[in-house]
Amino acid sequence: MTENEKPDFGLIEVKKPAKPGLLSWLRARFVAGMFLALPIVVTFMLLNWLIGEIDKRVVPLLPPALQPQTYLDYAVPGFGLIVLFIFLTMLGAVTTNFLGRYFVSLSDRIILGIPVVRSVYSAFKQITDVFQTNTAGQFDEVVMVQYPRQGTWAVGFVSGSAKGVIRAGLGENFLGVFVPTTPNPTSGFLLYVPEDQVRRLDMTIEEGVKVILSAGLVVPEVNAAAAPKPAEELPES
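Below is a short write-up of the structure. Being a predicted model, the structure only gives us computed values, none of them experimental. (Residues numbered from 1 in each chain as written. Predicted model: local features only at pLDDT ≥ 70, side-chain atom pairs only at ≥ 80, totals over all residues. Heavy atoms only, no water.)

**Some details on the packing of aromatic side chains**
By convention here, two paired aromatic rings are described through the distance between centres and the angle between planes. Within the structure shown, the criterion is met by 2 aromatic pairs. Each ring, one from Tyr-102 and one from Phe-103, has its centre 5.6 Å from the other, and the planes form 70°; the classification is edge-to-face. Its relative accessible area of 49% is what places Phe-103 among the partly exposed residues. Here Tyr-147 and Phe-189 contribute two aromatic rings whose centre-to-centre distance is 5.7 Å and whose plane-to-plane angle is 45°, an arrangement assigned as tilted. Note that Tyr-147 is positioned in the loop between strand 1 (142-146) and strand 2 (153-161) and Phe-189 in strand 4 (residues 188-194), a separation of 42 residues in sequence. (Phe/Tyr/Trp six-rings, centres within 6.5 Å; stacked < 30°, edge-to-face > 60°. Buried < 20%, exposed > 50% of the residue type's maximum accessible area, 1.4 Å probe, protein only. Helix = DSSP H or I, 4+ residues; strand = E, 2+ residues; numbered from the N terminus.)

**Quick notes on the pattern of salt bridges**
Applying the stated criterion across every chain yields a total of 5 salt bridges. Residue Glu-53 pairs with Lys-56 through a salt bridge whose shortest N-O separation is 3.1 Å. Here Lys-56 and Glu-53 lie together in helix 1 (residues 22-58), a separation of 3 residues that amounts to about one turn. Of the charged contacts in the structure, one is a salt bridge between Arg-200 and Glu-141, with a shortest N-O distance of 2.6 Å. Of this pair, Arg-200 sits in strand 5 (residues 199-200) while Glu-141 sits in the loop between helix 4 (115-133) and strand 1, and the two are 59 residues apart along the sequence. Residue classification places Glu-141 among the partly exposed positions, given a relative accessible area of 22%. Here the salt bridges share partners, and the residues they tie into one network are Glu-53, Lys-56 and Arg-57. (Salt bridge = Lys/Arg side-chain N within 4 Å of Asp/Glu carboxyl O.)

Okay, structure coming up:
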């Protein structure tokens, strides 16, 4: 071995990766900045569109004396949203007293007497009543159930215990679980599952919705103190 030759100890020489060029560096930084700005831009565009749509529909309903265009040379963005907020607040304050509840009940009876309108009105009325009452057991818990077959698990939201004719047909200790689809959580499947076959998760409703919307890419960290039982401990159906 000559003096200039390095001793061979059986190790493979690993070549250092080449440093990225200027274009590669610029492209990587551009992509990083784009993904950082994208949520902000999309949120701003949605808010701008929503405020504009509300202004276009609310402001023309006001008398000219209350419209900003009467005194200014331009429209005030968000003025319709402010008017709508004040109107809904006053409407809620009126309908919570005795006289307001009487008129609401009277209007319900009138609308429910219309053959075609009552089917649509009653369906939306039931949905709004569910969110307005906000009783316990209505989408207040995130769970996992074995669906669509044994051994595969789906994320769902507890809608409450089985009641009425469903409880009479199934028996005791059944939970209604809404299993939404990904990435659109407004559609899904309503399952009634035995309570002992439901795996409860230590996450909020907002975190569960994020899991659905992100197709499982955004998942909260594990809380070791509230970790669920292993799958093999659950009883077989």
